[in-house]
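Chain by chain, the residues:
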Amino acid sequence: MTSEPTFTVRPARTRDVTAIHAMLDPYVQRRILLGKDIVVLYESIQQFVVAEDARGTIIGCGALHVMWEDLGEVRTLIVADEWLHRGVGRAIVDELERDAEGLGLSRLFCLTFEVDFFTRQGFAPIGEHVVGPDVYSQLLRSPDEGVAEFLDLAHVKPNTLGNTRMLKHL
């Protein structure tokens with residue numbers, strides 16, 4: 001009887017950007033995830049963690065984007081097809097939650113088609129008013145598309161049709 005191949009989750013490094021971009025591209029083509037230019041991945045690499053198999057091949061990734069004092073977003077969560085349903089996504093989210101707690105965040109947001117997966121991780125669908133009016137007006141100033149998605153602004157709706165906005169309290 002052979003044992004299940006193992007994987008580890010670690011902070012991403014600049015050398016991982018090419019693999020992250022390659023994993024992301026098919027989901028962008030299918031309009032499941034927003035595209036990111038390679039330069040944006042390099043600029044935000046410190047937000048990412050990656051999962052790698054025993055041979056060092058990147059098999060998953062995810063990022064934690066800080067949105068406000070107590071609020072972050074899990075974004076760009078991807079697991080290679082052959083590694084689905086083997087705990088990789090859960091391990092990535094667990095690592096991002098530890099990072100979030102280390103930063104002092106108490107809530108995590110995600111915009112996803114994978115409602116069942118995120119529900120199992122403790123996320124729940126949310127309505128429109130998750131932050132107070134003062135924070136909302138500050139977040140409106142952000143040029144980040146993920147913040148616009150969180151705020152459910154009209155200009156991002158064509159990219160988010162069918163997605164569910166979810167939140168988890170840490």
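Some points on the environment of Phe123
Locating Phe123 in the fold gives a position in the loop between α4 (115-120) and β6 (124-125). Using a relative accessible area of 3% as the deciding quantity, one classes Phe123 as buried. For the pair Phe123 and Leu108, spaced 15 residues apart in sequence, the C-alpha to C-alpha distance is 8.2 Å. When sequence neighbours within four positions are dropped, the list of residues in contact with Phe123 reads Val74, Val93, Glu97, Leu108, Phe109, Cys110, Phe118, Met166, Leu167 and Lys168.

Re helix α1 (residues 17-29)
Along its 13 residues, α1 runs 18 Å from first to last C-alpha, staying within 8% of the 18 Å computed at 1.5 Å per residue. Taken together, the buried positions of α1 are occupied by Val17, Ile20, Met23, Leu24 and Tyr27. Those residues of α1 that are buried lie in contact with α2 (38-43), β2 (48-53), β3 (58-68) and β4 (71-79). The positive-phi residue at the C-terminal boundary of α1 is Arg31, with phi of around 60°.

Thoughts on the pattern of salt bridges
Throughout the structure, instances matching the rule amount to seven salt bridges. Among the salt bridges present, the one from Arg10 reaches Asp16, with a minimum N-O distance of 2.8 Å. For the pair shown, Arg10 and Asp16 are each scored as buried. In this structure, Arg55 engages Asp53 in a salt bridge whose closest nitrogen and oxygen atoms are separated by 2.9 Å.

Regarding the packing of aromatic side chains
Two descriptors summarise a pair of aromatic rings, namely the distance from one centre to the other and the angle between the planes of the rings. Summed over all chains, the structure comprises three aromatic pairs. Here the aromatic rings of Phe7 and Trp83 are separated by 6.0 Å at their centres, their planes lie at 80°, and the arrangement is edge-to-face. In this pair, Phe7 is assigned in strand β1 (residues 7-11) and Trp83 in the loop between β4 and α3 (88-103), connecting sequence segments 76 residues apart. Using a relative accessible area of 7% as the deciding quantity, one classes Trp83 as buried. On the numbers, 5.1 Å between centres and 85° between planes, the contact of Phe117 with Phe118 is edge-to-face. Accessibility assignment for this pair places Phe117 and Phe118 in one class, buried.

Section: the sheet that holds strand β7 (residues 164-169)
Across a sheet, strands are paired by hydrogen bonds formed along the backbone, either parallel or antiparallel in direction. Spatial strand order, β1-β2-β3-β4-β5-β7-β6: seven strands in an open sheet with mixed pairing. At either margin of the open sheet sits one strand with a lone partner, and together these are β1 and β6. In terms of strand pairing, β3 meets β4 through seven bridges, oriented antiparallel. Residue pairing across strands places Cys61 opposite Ile78, the latter belonging to β4. The strands touched by α1 within the sheet are β2, β3 and β4, with β4 carrying the most contacts at an inclination of about 85°.

Parameters at a glance
- Residues numbered from 1 in each chain as written.
- Predicted model: local features only at pLDDT ≥ 70, side-chain atom pairs only at ≥ 80, totals over all residues.
- Heavy atoms only, no water.
- Helix = DSSP H or I, 4+ residues; strand = E, 2+ residues; numbered from the N terminus.
- Buried < 20%, exposed > 50% of the residue type's maximum accessible area, 1.4 Å probe, protein only.
- Contact = heavy atoms within 4.5 Å.
- Expected span 1.5 Å × (residues − 1).
- Salt bridge = Lys/Arg side-chain N within 4 Å of Asp/Glu carboxyl O.
- Phe/Tyr/Trp six-rings, centres within 6.5 Å; stacked < 30°, edge-to-face > 60°.
- Pairing = 2+ DSSP bridges.
- Axes fitted to C-alpha atoms, helices over the stretch in contact; angles between N-to-C directions.

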